[in-house]
Amino acid sequence: MSKSLALSLRNVGAFYWRQAGYLRKERFWALNDISFDLHHGESLGVIGRNGAGKSTLLQVLAGILRPDRGELVNHGVQTALLSLQIGFVPYLSGRQNALLSGMLIGLNRWEVIEKMGDIKAFSELGEFFDQPINTYSSGMKARLGFSVAFQLDPDVLLIDEVLGVGDSDFRRKSSSVMRNKIRSDKTIVLVSHSAETIRQLCDRAVWIEDGVTRAYGDTSDVLSFYEEQLTTKS
């Protein structure tokens, strides 16, 4: 029996305005034509070279960016993006940012407050948990970001190149729990430059290049095609 749909994309495109001259801007299509389905309980790997549109795709899936063409259908799921590139509000404390993050993915205030002790404990930030984010080191921000996304436990977790974040001890802990979560029945989208990581952890994969879906399906088939094309181009 096939699993029910969580997210569906059909011919999705998204553009940014970029400088093309002294007084001129042009559209840059980070995503041109992306189509695939994400089912409940599966882990989907997203692979592609730098600039392929992987991080933009995750922001579309998270609802941070709205497609400029095509269609994204959310089949009633909460999504959360775990990414070191998505910042918190700098003048708010770690606790306040955790509360805001939870409410942004659809939890009510009290649901987030109930999880706050676990978020603080997992982050290992101690008294800094109630200090403004602009006093944090990059490693501390990584700890908080990972802890919030992990402990809030959304329906769909979107992971952008963050397996193993923070200092060495936290990196070991975060990598272990994330790998366990990916191997469970949770619904995961994992962006990685590492074909081997996706091969080990993901049920299916999608290869995107120049903002276009080049291959989508069984992980081994997609990665074989991706690696074959890289070898051909090199």
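Residues numbered from 1 in each chain as written. Predicted model: local features only at pLDDT ≥ 70, side-chain atom pairs only at ≥ 80, totals over all residues. Heavy atoms only, no water.

What to know about the overall build of the protein
Along its length, the protein carries seven helices and nine strands. Its C-alpha atoms give the protein a radius of gyration of 18 Å, within 12% of the compact-globule value 17 Å for 234 residues. Burial statistics for the protein: of 234 residues in total, 46% are counted as buried. Expressed as a percentage of contacts within the protein between residues at least 6 apart in sequence, the contacts between residues at least 24 apart total 68%. As displayed, the protein has an accessible area near 11,700 Å², and 48% of this comes from carbon and sulfur atoms. Within the protein, one finds 27 positive and 27 negative side-chain charges whose respective centroids are separated by 5 Å. (Helix = DSSP H or I, 4+ residues; strand = E, 2+ residues; numbered from the N terminus. Rg over C-alpha atoms; globule rule 2.2 N^0.38 Å. Buried < 20%, exposed > 50% of the residue type's maximum accessible area, 1.4 Å probe, protein only. Contact = heavy atoms within 4.5 Å. Areas by Shrake-Rupley, 256 points an atom, 1.4 Å probe, with all protein chains shown as cover. Lys, Arg positive; Asp, Glu negative; His and termini not counted. Charge placed at Lys NZ, Arg CZ, Asp CG, Glu CD.)

A few points about the packing of helix α3 (residues 109-123) against helix α5 (residues 168-183)
Between α3 and α5, the least distance of the axes is 11 Å, while the angle of their chain directions is 130 degrees. As judged from the angle between their axes, α3 and α5 are oblique. On α5, the residues that touch A121, F122 and S123 of α3 are F170, K173 and V177. Split into classes, the residues belonging to the contact of α3 with α5 amount to four nonpolar, one polar and one charged. (Axes fitted to C-alpha atoms, helices over the stretch in contact; angles between N-to-C directions. Parallel < 35°, antiparallel > 145°, perpendicular 65-115°, else oblique. Nonpolar A, V, L, I, M, F, W, Y, C, P; charged D, E, K, R; others polar.)

Remarks on helix α2 (residues 94-104)
Within α2 the residues assigned to the buried category are G94, N97, A98, L99, S101 and G102. In this structure, the buried residues of α2 make contact with α3 and α4 (138-152). Phi turns positive, to about 110 degrees, at G106, one or two residues after α2.

Points about the environment of A121
Summarising the element assignment, A121 is placed in helix α3. The exposure class assigned to A121 is exposed, which follows from its relative accessible area of 54%. Sequence separation of A121 and S147 is 26 residues, and the distance between their C-alpha atoms is 8.8 Å.

Looking at the confidence of the model for the protein
Mean pLDDT over the protein stands at 87; residues scoring 70 or higher make up 93%. Ranking the elements of the protein by mean pLDDT puts α5 last, at 77, and strand β4 (residues 69-74) first, at 96. (pLDDT = per-residue confidence, 0-100.)

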